[in-house]
Structure formats: C-alpha cells, structure tokens
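What the coordinates show
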Amino acid sequence: MRKFLVVLDDSRECLNAMRFAAMRASHTGGGVAILSVIPPDEFNHWIGVGEVMREEARERIHAHFEVFAKWMRAKQGVDPELVIREGEPVSEILAHVREDPEIGVLVLGAAVDKKGPGPLVTQMTKGAGNLPIPITIVPGDLSKERLEAIT
C-alpha cells in the first residue's frame, strides 16, 4: 500500500496538509503516516528535566494526532499511523522515507505569510531533485471545499 507521509507540527498550514493526505489516501486506497519530529534543542536541560519535557512533548503529539486521526477515520475512512522521531526535522523526514518503502509521497503544508512557505518547505524543496519520492506542497489557505475538489 502506498502511504502519504505528512508532518505534524505546530504550524497552521499543517491542517491542510493533513486534510490533503487523508483525502488522497481515501480516494486512492492508500494510507497515511503522520510524522512528528521532536527537535533535540528542546531537551538541553538537566537530565531529569529533559526527560520530563520529552514525555510532555510526546503527550502533546499523541493528543494532536488523536484529533486528526479521529477525523481521518470518521470522514475519510483512513486509519493513520503515528511516527515520532527525535532530531533535526529534515534529517528525520529523510531517514523515515528511506526506512519505510511504502511511503510514496511527502505532503507538506506551505505558509501564506510574507516570510515564505516556511522553513521545512524551503529546506525540503532545496534537495527535492535527490529525493526518492515526490513532494506535494499544499497551500495553507486553500479552503476545505477546494481541497475536496482537487483530491
């Protein structure tokens, strides 16, 4: 089964990327893998404090995932899987793509402000020519109706 890999983070555009991945998976018989990366700089504290912060980050990720997963199951008939990795986001995305041969498309949401599409989209597109899979970039301001029409 081909899976759409979508990144779960705190960005607003993440929502449209999630919707797009779920709708495409539903329409094509694919699956969705939701990847969340915990950056290493979040835990550069004392060992005990760092462990507590790491666990709190995982709990936040699980809570956000459950919101998206519930919608995907109920509205799109897709049961997503959650993958949590620690490290630099781009490196961890690339590592996961290499490790999971079922990943067929990377779906990223693009910000719509004057600063550009966001650091993740900017970094991933720089090396897009060397990726083993295509990237779909979903504009953050597309309406739900427009997403439904194009998926």
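Residues numbered from 1 in each chain as written. Predicted model: local features only at pLDDT ≥ 70, side-chain atom pairs only at ≥ 80, totals over all residues. Heavy atoms only, no water.

Let us now look at the packing of helix α3 (residues 89-99) against helix α4 (residues 119-126). Packed helices, taken two at a time, are described by the angle their axes make and the gap between the axes. Interhelical geometry of α3 versus α4 gives an angle of 55 degrees and a closest axis separation of 10 Å. Taken together, the axes of α3 and α4 are oblique relative to one another. Along this stretch, α3 crosses α4, giving a crossing that reads as right-handed. Residues Pro 89, Val 90, Ile 93 and Leu 94 of α3 form the contact with α4, whose own contacting residues are Leu 120, Gln 123 and Met 124. Tallied by class, the residues present in the contact of α3 with α4 amount to 6 nonpolar, 1 polar and no charged. (Axes fitted to C-alpha atoms, helices over the stretch in contact; angles between N-to-C directions. Helix = DSSP H or I, 4+ residues; strand = E, 2+ residues; numbered from the N terminus. Parallel < 35°, antiparallel > 145°, perpendicular 65-115°, else oblique. Left-handed = near helix turned anticlockwise from the far one by under 90°. Contact = heavy atoms within 4.5 Å. Nonpolar A, V, L, I, M, F, W, Y, C, P; charged D, E, K, R; others polar.)

Here the focus is helix α1 (residues 14-28). With 15 residues, α1 ought to run about 21 Å at 1.5 Å a step, and its terminal C-alpha atoms sit 21 Å apart, in line with that. Where α1 is concerned, the buried positions are Cys 14, Asn 16, Ala 17, Met 18, Arg 19, Phe 20, Ala 21, Ala 22, Met 23 and Ala 25. Immediately beyond the C-terminal end of α1, within one or two residues, lies Gly 29, with a positive phi of roughly 75 degrees. (Expected span 1.5 Å × (residues − 1). Buried < 20%, exposed > 50% of the residue type's maximum accessible area, 1.4 Å probe, protein only.)

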